[in-house]
Amino acid sequence: MTGSEEQLDDLLDTLYDAVSIGDRDGVIEAVKALIAANVSPEIVLYDAMIPAIQEVGQQFELGKAFVPEMLVSARAMQGGLDLLRPLLAQANVEPLAKAVIGTVLSDIHDIGKNMVGMMWGGAGFEVTDLGVNVPPARFVEAVRNGAQLLGISALLTTTMTNIPATIQALKDAGLRDRVKVIIGGAPITADFASEVGADGYAPDANRAVSVAKQLLGLT
Ligand code: B1M
């Protein structure tokens, strides 16, 4: 391994540790250093930040970390995502399609949803983010306003069951055929997506881009 490769590995390790312990300033500093070293946002995300927040989740499951620890790690991670967002955004390009994304009703997890929104933006979609705990009526309104792609994220087994209500609300409003619905989030599977009548499922933010393009006939 060359000296500069070792330095990059050290920076990625530092970033992993900073997310794990919820050190927002440490995350920001490490992400800035990685950007300055021309490391791709995907490597920063997938080789350091995501494994670190997943480790926090495992500690929570084992009873070794609690909600406050998850919260500070999530805030720290968000600090890093804010720096990566502009690198993934495409400027001055005619949008491929209008996309809307949100976290399902009763669910406040937003890191994965934010990443999908960032990747869609980077791929050339015009993205409106409805935030978290989004009731079906707000998704419906966004589709009425012209969204061709609708992304719903759910992180809890208790909230993924709110997805069908959103799809039903689109049907009730006569808008179901106007939009492609993609769902995702840790407890979601391809089988669940087809059971609830979504058009697509993506296991991660990268694949959310390819699935979206495929569904909209853009590939
Ligand atoms: Co929560 N939480 N949490 N939490 N939390 C989980 C999800 C959990 C798995 C932890 C655990 O037990 N191991 C567990 C759920 C168990 C279950 O339902 N099976 C859990 C729980 C239980 C809870 C509470 C109920 C805890 C409590 O209060 N007792 C509570 C619920 C609050 C609520 O929503 N009503 C709660 C609260 C929180 C915090 C607020 C403290 C915080 C969230 C802060 C925030 O998001 N701003 C939090 C966190 C941070 C987590 C963990 C640790 C990390 C989640 C995360 O951001 N992961 C999580 C454990 C874990 O994930 N291992 C956990 C990183 C992110 C990049 O991954 O979101 O999966 P993810 O997104 C991926 C893919 O899933 C996919 O792409 C992303 C990246 O490639 N994807 C999509 C996501 N959305 C997509 C949409 C798509 C396509 C792909 O298309 C539209």
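Remember, it's a predicted structure, so these values are computed and weren't measured experimentally. (Residues numbered from 1 in each chain as written. Predicted model: local features only at pLDDT ≥ 70, side-chain atom pairs only at ≥ 80, totals over all residues. Heavy atoms only, no water.)

*Asks:* Lay out the overall build of the protein chain with the relevant residues and their values.
*Replies:* A count of helices and strands for the protein chain gives nine helices and five strands. The secondary structure elements of the protein chain, listed N-terminal to C-terminal, are α-α-α-α-β-α-β-α-β-α-β-α-β-α. In terms of C-alpha radius of gyration, the protein chain reaches 18 Å, essentially the compact-globule figure of 17 Å for 219 residues. When its C-alpha atoms are laid out on the principal axes, the protein chain stretches across 60 × 45 × 25 Å. Among the 219 residues that make up the protein chain, the fraction classed as buried is 42%. (Helix = DSSP H or I, 4+ residues; strand = E, 2+ residues; numbered from the N terminus. Rg over C-alpha atoms; globule rule 2.2 N^0.38 Å. Buried < 20%, exposed > 50% of the residue type's maximum accessible area, 1.4 Å probe, protein only.)

*Asks:* Please give an account of the domain arrangement of the protein chain that cites residues and values.
*Replies:* Partitioning the protein chain into structural domains gives domain 1 (3-90) and domain 2 (98-215). Once you take the C-alpha centre of each, domain 1 and domain 2 turn out to be 25 Å apart. Every contact between the two is made by 14 residues of domain 1 and, on the other side, 13 residues of domain 2. Counting the contacts that link domain 1 with domain 2 gives zero salt bridges. Connecting domain 1 to domain 2 are one residue pair in polar contact (both at pLDDT 80 or more). A per-element tally of the side of domain 1 that touches domain 2 places helix α4 (residues 67-88) first, with seven residues. (Domains from an automatic or database assignment. Contact = heavy atoms within 4.5 Å. Salt bridge = Lys/Arg side-chain N within 4 Å of Asp/Glu carboxyl O. Polar contact = N/O pair within 3.5 Å; in protein donor to acceptor, adjacent residues only side chain to side chain.)

*Asks:* So what's going on with the side chain of Lys113? Residues and values would help.
*Replies:* Within the secondary structure, Lys113 sits in helix α5 (residues 111-123). Sequence-distant contacts of Lys113, that is, excluding residues within four places in its chain, are made with Ile101, Gly102, Thr103, Asp129, Gly131 and Ser153.

*Asks:* Explain the pairing of strand β1 (residues 98-103) residue by residue, including any values.
*Replies:* The element β1 is largely enclosed, with a buried count of five among its six residues. Bridge count between β1 and strand β2 (residues 126-129): four bridges; the pairing is parallel. Looking across to β2, one finds that Ile101 is bridged to Asp129. Each parallel crossover has a hand, and the one from β1 via α5 to β2 is right-handed. The sheet contact formed by β1 and strand β3 (residues 149-153) spans five bridges and is parallel. (Pairing = 2+ DSSP bridges. Right-handed = clockwise from strand over helix to strand, strands pointing away.)

*Asks:* How would you explain the site of the ligand if you had to name every residue and give the values?
*Replies:* The environment of the ligand is made up of 34 residues, and the closest members are Glu61, Ile108, His109, Asp110 and Ser153. Contacts to the ligand include Asp107, whose side-chain N or O atom sits 3.4 Å from an oxygen atom. Here a nitrogen atom of the ligand and a side-chain polar atom of Ser153 are 2.8 Å apart. Judged by the proximity of its atoms to the pocket grid, the ligand belongs to the largest pocket. Every element with two or more residues in the shell around the ligand is listed here: α3 (41-61), α4, α5, β3 and β4 (180-184). Here the shell around the ligand gets six residues from one element, more than from any other, and that element is α3. By residue class, the composition of the shell around the ligand is 20 nonpolar, ten polar and four charged. Counting only domains with at least three residues in the shell around the ligand, you end up with domain 1 (3-90) and domain 2 (98-215). (Near = heavy atom within 4 Å. 1 Å grid on protein atoms, 1.4 Å probe; cavity = no way out; pocket = protein on both sides within 12 Å on 5 of 7 lines; lining within 4 Å. Sits in = over half its atoms within 2 Å of the grid points. Nonpolar A, V, L, I, M, F, W, Y, C, P; charged D, E, K, R; others polar.)

*Asks:* Account for a negative patch on the surface, with residues named and values stated.
*Replies:* Residues Glu5, Glu6, Asp9, Asp10, Asp13, Asp17 and Asp47 make up a contiguous surface patch of negative charge. At six residues, the largest contribution of residues to the negative patch is made by helix α1 (residues 3-21). (Patch = residues over 30% accessible without salt bridge, like charges linked within 9 Å, V, L, I, M, F, W, Y side chains within 5 Å. Areas by Shrake-Rupley, 256 points an atom, 1.4 Å probe, with all protein chains shown as cover. Lys, Arg positive; Asp, Glu negative; His and termini not counted. Charge placed at Lys NZ, Arg CZ, Asp CG, Glu CD.)

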